[in-house]
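# Structural characterization, general
Here is how the chains run, residue by residue.
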Amino acid sequence: MAISAGSAAEREVKRPAAVGQTLTPRQGARRPPVKAWLQPALISLVVVAAFIACYVGLQRDPQPHQVPIAVTGASVPGEIQQALGDEVDVHPAADAATAHHALERHDVVAALDTAAPGHLNLEIAGAAGTSTTSAVSALVGAYARGAGAHVTTADVVPLAAHDARGLAGFYLSFGVSLAGFVLGSNVLGLAGVMRLRHRFLLLIGTSVAIGAVGALAVGPVLGAVPAPLVPLIFVLALLAVATAFTTKLLGAVLGPIGLPVTTLLLTVGNATSGAVIGADLLPAEARAVSALLPPGAAVRGIADLSYCNGSHLGGPVITLAAWGILAGALLGLCTRLMRRRATVA
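Summary of the structure given here. Just so you know, these numbers come straight off a predicted model, no measurement behind them. (Residues numbered from 1 in each chain as written. Predicted model: local features only at pLDDT ≥ 70, side-chain atom pairs only at ≥ 80, totals over all residues. Heavy atoms only, no water.)

### So, the overall build of the protein chain
The helix and strand inventory of the protein chain stands at 12 helices and five strands. In terms of overall dimensions, the protein chain is more spread out than a globule: its C-alpha atoms have a radius of gyration of 28 Å, far above the 20 Å expected for 345 residues. Evaluated residue by residue, the protein chain yields a buried proportion of 39% over its 345 residues. Taking contacts inside the protein chain between residues at least 6 apart in sequence as the whole, the part at least 24 apart equals 66%. Distance between charge centroids for the protein chain: 32 Å, based on 21 positive and 17 negative side chains. (Helix = DSSP H or I, 4+ residues; strand = E, 2+ residues; numbered from the N terminus. Rg over C-alpha atoms; globule rule 2.2 N^0.38 Å. Buried < 20%, exposed > 50% of the residue type's maximum accessible area, 1.4 Å probe, protein only. Contact = heavy atoms within 4.5 Å. Lys, Arg positive; Asp, Glu negative; His and termini not counted. Charge placed at Lys NZ, Arg CZ, Asp CG, Glu CD.)

### Some details on the nonpolar core
Grouped together as the largest cluster of nonpolar side chains are 45 residues, with contacts concentrated most on Val71, Ile80, Val88, Leu112, Leu122 and Val136. Take this core: its biggest share by element is six residues, from helix H5 (residues 130-147). In this structure Val71 touches Val76, Pro77, Ile80, Val90, His91, Pro92, Ala93 and Leu112, once residues within four positions along its chain are discounted. Within the second largest apolar cluster, 33 residues are counted, among which are Val218, Leu236, Ala297 and Leu313. (Core = buried A, V, L, I, M, F, W, Y, C linked by side-chain atoms within 4.5 Å.)

### A closer look at helix H6 (residues 168-187)
Its 20 residues give H6 an end-to-end C-alpha distance of 29 Å, which sits within 8% of 28 Å, the value for a rise of 1.5 Å per residue. Among the residues of H6, Ala168, Gly169, Phe170, Leu172, Ser173, Val176, Ser177, Gly180, Phe181, Leu183, Gly184 and Val187 are the ones counted as buried. Packed against the buried residues of H6 are helix H2 (34-59), helix H7 (196-221), helix H8 (229-254), helix H9 (258-271) and helix H11 (294-307). (Expected span 1.5 Å × (residues − 1).)

### Considering the pairing of strand S4 (residues 119-124)
Taken residue by residue, a regular strand's side chains alternate between the two faces of the sheet. Because side chains alternate across S4, one face comprises the buried residues Leu120, Leu122 and Ile124, and the other comprises His119, Asn121 and Glu123, none of which is buried. With six bridges joining them, strand S3 (residues 110-116) and S4 adopt antiparallel strand pairing. Across the sheet, residue Ala110 finds its bridge partner in S4, namely Ile124. With respect to chirality, the unit in which S4 leads through H5 into the neighbouring parallel strand S5 (residues 150-155) is right-handed. (Pairing = 2+ DSSP bridges. Right-handed = clockwise from strand over helix to strand, strands pointing away.)

### Overview of the pattern of salt bridges
Taken as a whole, this structure holds one salt bridge when the rule is applied. Between Arg105 and Asp107 there is a salt bridge; the shortest N-O distance is 3.1 Å. Taking relative accessible area as the criterion, Arg105 reaches 30% and is therefore assigned partly exposed. (Salt bridge = Lys/Arg side-chain N within 4 Å of Asp/Glu carboxyl O.)

### Examining the packing of aromatic side chains
Tallied over the entire structure, the rule returns four aromatic pairs. Plain terms: the ring middles of Phe170 and Phe174 are 6.0 Å apart, the flat faces sit at 45° to each other, and that makes the pair tilted. Here Phe174 and Phe170 lie together in helix H6, a separation of four residues that amounts to about one turn. Judged by relative accessible area, Phe174 falls into the partly exposed class, the value being 31%. (Phe/Tyr/Trp six-rings, centres within 6.5 Å; stacked < 30°, edge-to-face > 60°.)

### Looking at the sheet that holds S3
Judged by pairing direction, the sheet is mixed, and its five strands sit side by side in the order S2-S1-S3-S4-S5 without closing on themselves. The strands lining the two open edges of the sheet, one partner per strand, are strand S2 (88-93) and S5. Each strand of the sheet is rotated relative to its neighbour by a mean of 25°, with strand direction disregarded. Across the sheet, helix H3 (residues 76-84) is in contact with strand S1 (67-72), S2 and S3; its angle to S2 comes to roughly 175°. (Axes fitted to C-alpha atoms, helices over the stretch in contact; angles between N-to-C directions.)

### Looking at a positive patch on the surface
On the surface, Arg195, Arg197, Arg336, Arg339 and Arg340 cluster together to form a positively charged patch. Residue placement: Arg339 occurs in helix H12 (residues 314-344). (Patch = residues over 30% accessible without salt bridge, like charges linked within 9 Å, V, L, I, M, F, W, Y side chains within 5 Å. Areas by Shrake-Rupley, 256 points an atom, 1.4 Å probe, with all protein chains shown as cover.)

### Thoughts on the pairing of S5
As paired strands, S4 and S5 are joined by six bridges and run parallel to one another. By the bridge assignment, Leu120 is partnered in S5 with Val151.

### Some points on the environment of Val71
Locating Val71 in the fold gives a position in strand S1. Placed 223 residues apart in sequence, Val71 and Pro294 show a C-alpha to C-alpha distance of 33 Å.

### Looking at a nonpolar patch on the surface
Taken together, Val34, Trp37, Leu38, Leu42, Leu45, Val48, Phe51, Ile52 and Val56 make up a surface patch of nonpolar side chains, about 910 Å² in accessible area. Turning to its location among the elements, Trp37 is positioned in helix H2. What makes Trp37 exposed here is its relative accessible area of 56%.

Take a look at the structure:
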């Protein structure tokens, strides 16, 4: 105890001198450059502004735009198109069975049938999302009131029992995207430890594991996404690959701003995915990129596997695979170019 006390006392005696030395300006010391102060602050402000603008801004006043509806009857399709204008995209159907089949395949989001004079049957797909089905019901209700008709509504493609709000696909896509982003950003620091092919193997192998964990969690464990397990793992693995390789590519090419740029890209992708606000209710700019970014493609793939028997799965799979392949190819090319420059130098 005495030795410890003495040592502590000696350190305390020496500390003022050390503190005094640190307060003395050292030769060659200078203030950090302005860029070192501004860059982190500006990046943080841009990220928070973009996040709020995307998520809050898109939900302020969603408006239907060419919402696809199958309509039967000789004159009703034209009447509805004329009454509702660009808010709907009327698909004339030969009969109620044809309209119902189009709804089950998600070619349309609602089917309207003239059951009898003054009476309309509206079939909706709850799996299309609460915002979309609410908008369709409101539009058809407005037409019916003007025509003096009564509407009977039935949900023929309901959401899974454990996904009452229809957001499980969104959170699943968001979680897998986040995991892919974390994976890609961590592998960025392994350039001096692993060869490029080993980093590629790590990215691909872990992405498959991310997809498997996500699919098992929302399917067999939580019962919130009723998609077949193996195809769901495939789609989620493609999402993780696309996100991880894009993160690593932008981080390697753009340097310190690469990860913030990836964050902004994923923010826009998640906000415009069509899961929280239906794609048919988004502004034109958001609709244009919705299906082209990895989160939007994944949300569509998850919903298609869950409720439409994979009838439109090709588009999301191609989009996700293209992102992963292109990012991987560019990453390999950029790495080789950097090595050549270093060798020449």
